[in-house]
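Results of the structural survey
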Amino acid sequence: MTAQPDHHDITPPMRTLAELRTALGVWGIPGDLAKFEEELADADLDDLTRVREITQAYRHRVLLRCDPDAMAALMRSTEDVAHELGQKMAERDAR
């Protein structure tokens, strides 16, 4: 059995808001850090559920950027995805 690659080796620490801000600045899509700050500023900081949702969403964006497989999937063309779906549907219908 082949060991799966460990993408966590390149994942930056994001245990605090400061670490998340740093990760967004380095790994985020341009504008992510500013959008994060804006959403956080607009949130009621007493609403911990909302604060958690915001931080988890942006943390997930960094994790996607650190995962080569995820980035490859995101970079696929619409035509490529449509072709693959068409093939899968044809295989299903052939059964």
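The sections below set out a description of the structure shown in this document.

What counts, and at which threshold
Residues numbered from 1 in each chain as written. Predicted model: local features only at pLDDT ≥ 70, side-chain atom pairs only at ≥ 80, totals over all residues. Heavy atoms only, no water. Helix = DSSP H or I, 4+ residues; strand = E, 2+ residues; numbered from the N terminus. Expected span 1.5 Å × (residues − 1). Buried < 20%, exposed > 50% of the residue type's maximum accessible area, 1.4 Å probe, protein only. Arc of directions from axis to C-beta. Phe/Tyr/Trp six-rings, centres within 6.5 Å; stacked < 30°, edge-to-face > 60°. Core = buried A, V, L, I, M, F, W, Y, C linked by side-chain atoms within 4.5 Å. Contact = heavy atoms within 4.5 Å. Salt bridge = Lys/Arg side-chain N within 4 Å of Asp/Glu carboxyl O. Axes fitted to C-alpha atoms, helices over the stretch in contact; angles between N-to-C directions. Parallel < 35°, antiparallel > 145°, perpendicular 65-115°, else oblique. Nonpolar A, V, L, I, M, F, W, Y, C, P; charged D, E, K, R; others polar.

Since the α-helix turns once every 3.6 residues, residues separated by three or four places project in the same direction. Its 19 residues give helix α3 (residues 48-66) an end-to-end C-alpha distance of 27 Å, which sits within 8% of 27 Å, the value for a rise of 1.5 Å per residue. Buried within α3 are the following residues: V51, I54, T55, Y58, V62 and C66. Viewed end-on, α3 has its buried residues packed into an arc of 120°, placing them on one side of the element.

The next thing to look at is the packing of aromatic side chains. Inspection of every chain in the model, using the stated rule, returns one aromatic pair. Taken together, a centroid distance of 5.4 Å and an interplanar angle of 65° make the contact between F36 and Y58 edge-to-face. Of this pair, F36 sits in helix α2 (residues 32-42) while Y58 sits in helix α3, placing them 22 residues apart in sequence. Taking the relative accessible area as the measure of exposure, F36 reaches 0% and is therefore buried.

As a further point, take the nonpolar core. In terms of nonpolar packing, the biggest core is built from twelve residues, these being M14, L20, A23, L24, F36, L40, A43, V51, I54, Y58, V62 and C66. Among the elements that line this core, the one with the most residues is α3, at five residues. Aside from chain neighbours lying at most four places away, what touches V51 is L40, D44 and L45.

Here the focus is the pattern of salt bridges. Within this structure, the stated rule accounts for nine salt bridges. The residue R61 makes a salt bridge to D32 at a minimum N-O spacing of 3.0 Å. With R61 in helix α3 and D32 in helix α2, this residue pair connects regions lying 29 residues apart in the sequence. Looking at D32, the relative accessible area reads 2%, which means it is buried.

Before going further, it helps to examine the side chain of T55. Tracing the backbone through its elements, the reader meets T55 in helix α3. What makes T55 buried here is its relative accessible area of 17%. Each residue touching T55, except ones within four places of it in the same chain, is listed here: L17, L20 and F36.

Contact geometry of α2 with α3 gives a least axis separation of 10 Å together with a crossing angle of 175°. It follows that α2 is roughly antiparallel to α3 by the angle criterion. Across the interface between the two elements, D32, K35, F36, E39 and L40 of α2 pack against R50, V51, I54, T55, Y58 and R61 of α3. Broken down by class, the residue content of the contact of α2 with α3 amounts to five nonpolar, one polar and five charged.

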